[in-house]
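Summary of structural features
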Amino acid sequence: MAKAKSAFVCTECGAEYRKWQGQCTSCQEWNTLSEVRLAAARPGAGAAGGAARGGYAGSLSREVVDLANVDLAEVPRLSSTFEEFDRVLGGGLVPGSAVLLGGHPGAGKSTLLLQTACKLAQGRRVLYVTGEESLSQVAMRAHRLQLPTRGLKMLAETSIETILAVAEREQPEILVIDSIQTMHLEDISSAPGGVAQVRESAAALTRFAKQSNTVLLLVGHVTKDGTLAGPKVLEHMIDASLLLEGGADSRFRTLRGQKNRFGAVNELGVFAMLEHGLKEVKNPSAIFLSRGEEQAPGSLVMVVWEGTRPILVEVQALLDDSPLGNPRRVAVGLDQNRLAMLLAVLHRHGGLFTGDQDVFLNVVGGVKVLETSADLAVLLAVVSSLQNRPLARELVVFGEVGLSGEIRPVPSGQERIVEAAKHGFKRAIVPRANAPKRSPDGMEVVAVDKLADALEVL
């Protein structure tokens, strides 16, 4: 009997080693190597075995071809029945693609996919495989959400071999796996959720999806810091990686693409968790701008660009005398290191000292701002709180702030101004390079070059 072979695999980057060591030399992380048992080679696993395996893409090209001669036939996309979901996917589900959906427990991953599967099953062949819940639990959820259940094929199974056999018999157009961490292959002796099991299970499902032109939707768990659990190679072999975010105290959920081979990765979809499941929010700006009647110091509206559309969100700043020798800098929804840099620019080029103040910053609605167009709005909100002076309710601000105090232009400035005008804002402070030749009706656009100019306008 052949001796079982094992290897040590890094849980962060997927690098393999013959023996254990404290540090992974590929990603420089410590204590991330775990032992996995390797599957025994199948009979005939030479050249024929490699051909049967076919790689992650489902098939291997044996001939060299010119790129200009590659067929450019457009593959029709399938609508997920959610416009916000389609927006993040780049226009819809692509046949033969593998999509990984991650999120914290309770974010609504299974709810979103169950709603999508039930609606798609009314006109297409859909197979929903559950490894975490029983069929009765899924049926109870579908009944509570008042979803159409007729036509949706269900399977409670965790064996990849069995799932693939059923999928070959049913020939579904959409295959949902909930979740990849519960699946296992018989040839690998490690427990489900381990590095080897997750990697090989996802590889087998991805090969089937590409060979049969099936849409594969995988549910993935996340770690404590919000990243997708499992080996990094899992994110490399799939076509799209989406993250569903939302706090337990908020009924809004944001769907953001982290990787997408068929569209932009910076698209944002907004959903609301209601009694009957997730409902898409067509106008996110109206939700994030639900402010009180009285304008408070430190509150300001900015225009951020998410994917292909502008979104108006409110940023709030609070400054207070610090009893500590090292004042606190807390930013929720923004980069904390960039906040420290902006405060230094405010002191050097704006003449306002905040070194003895605790600075708290929050983006309302749980939105995470990843671009630099919020710089100017953040600084003006800080100045408003520092001087205890409310800003005009009809004021909107955007612009990037450089280290020398200059206000730099941002992409799609014209569209941002038009979006603000649609929501009734009367005044805008923008970089001079983003100022339009003709302002929208009823709006005054103030163009600034330096931070000092913006402070004088206030």
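Data block above holds the structure.
No experiment lies behind these values; they were computed from the predicted model shown.

Reading the values: rules and limits
- Residues numbered from 1 in each chain as written.
- Predicted model: local features only at pLDDT ≥ 70, side-chain atom pairs only at ≥ 80, totals over all residues.
- Heavy atoms only, no water.
- Phe/Tyr/Trp six-rings, centres within 6.5 Å; stacked < 30°, edge-to-face > 60°.
- Helix = DSSP H or I, 4+ residues; strand = E, 2+ residues; numbered from the N terminus.
- Buried < 20%, exposed > 50% of the residue type's maximum accessible area, 1.4 Å probe, protein only.
- Patch = residues over 30% accessible without salt bridge, like charges linked within 9 Å, V, L, I, M, F, W, Y side chains within 5 Å.
- Areas by Shrake-Rupley, 256 points an atom, 1.4 Å probe, with all protein chains shown as cover.
- Salt bridge = Lys/Arg side-chain N within 4 Å of Asp/Glu carboxyl O.
- Disulfide = S-S within 2.5 Å.
- Axes fitted to C-alpha atoms, helices over the stretch in contact; angles between N-to-C directions.
- Parallel < 35°, antiparallel > 145°, perpendicular 65-115°, else oblique.
- Contact = heavy atoms within 4.5 Å.
- Nonpolar A, V, L, I, M, F, W, Y, C, P; charged D, E, K, R; others polar.
- Pairing = 2+ DSSP bridges.

1. A short note on the packing of aromatic side chains
Inspection of the entire model under this criterion finds one aromatic pair. Relative to Phe271, the ring of Phe82 lies with its centre 5.8 Å away and its plane at 80°, an arrangement referred to as edge-to-face. Taken together, the positions of Phe82 in the loop between α1 (47-53) and α2 (83-89) and Phe271 in strand β11 (residues 268-274) put the pair 189 residues apart, joining distant regions of the chain. Considered together, Phe82 and Phe271 belong to a single accessibility category, that of buried residues.

2. Some words on a nonpolar patch on the surface
On the surface, a nonpolar cluster with roughly 320 Å² of combined accessible area is contributed by Val65, Leu67 and Val70. Considering the arrangement of structural elements, one finds Val65 in the loop between α1 and α2.

3. Quick look at the state of the cysteines
If you walk through the whole model with that rule in mind, you get zero disulfides. No disulfide involves Cys27; its sulfur sits 3.6 Å from that of Cys10, the nearest cysteine. The exposure class of Cys27 is partly exposed, given its relative accessible area of 25%.

4. Brief notes about the packing of helix α3 (residues 109-120) against helix α4 (residues 135-144)
Working note: a packed helix pair is described by the angle between its axes plus the distance between those axes. Viewed as axis vectors pointing N to C, α3 and α4 meet at an angle of 75°, and their least axial separation amounts to 11 Å. Here α4 runs roughly perpendicular to α3, going by the angle between their axes. Contacts between α3 and α4 involve Ser110, Thr111 and Leu114 on the former and, on the latter, Val138, Arg141 and Ala142. For the contact of α3 with α4, a count of residues per class yields three nonpolar, two polar and one charged.

5. What to know about the sheet that holds strand β9 (residues 240-245)
Taken together, the nine strands give an open sheet; going across it, the order is β6-β5-β7-β8-β4-β9-β10-β11-β12, and neighbouring strands pair in mixed fashion. Either end of the sheet is taken by a strand with one partner, and the two such strands are β6 (153-156) and β12 (277-280). Shown here is a sheet whose adjacent strand axes are inclined to one another by a mean of 25°, direction ignored. Strand direction decides the pairing type here: β9 and strand β10 (residues 252-260), joined by six bridges, are antiparallel. For Ala240, the partnering residue across the bridge sits in β10 and is Asn260. Contacting β5 (126-130) and β6, α4 crosses the sheet at an angle of about 140° to β6. Each of β4 (98-103), β7 (174-178) and β8 (215-220) is contacted by helix α6 (residues 195-212), which is oriented at about 160° to β8, the strand it contacts most.

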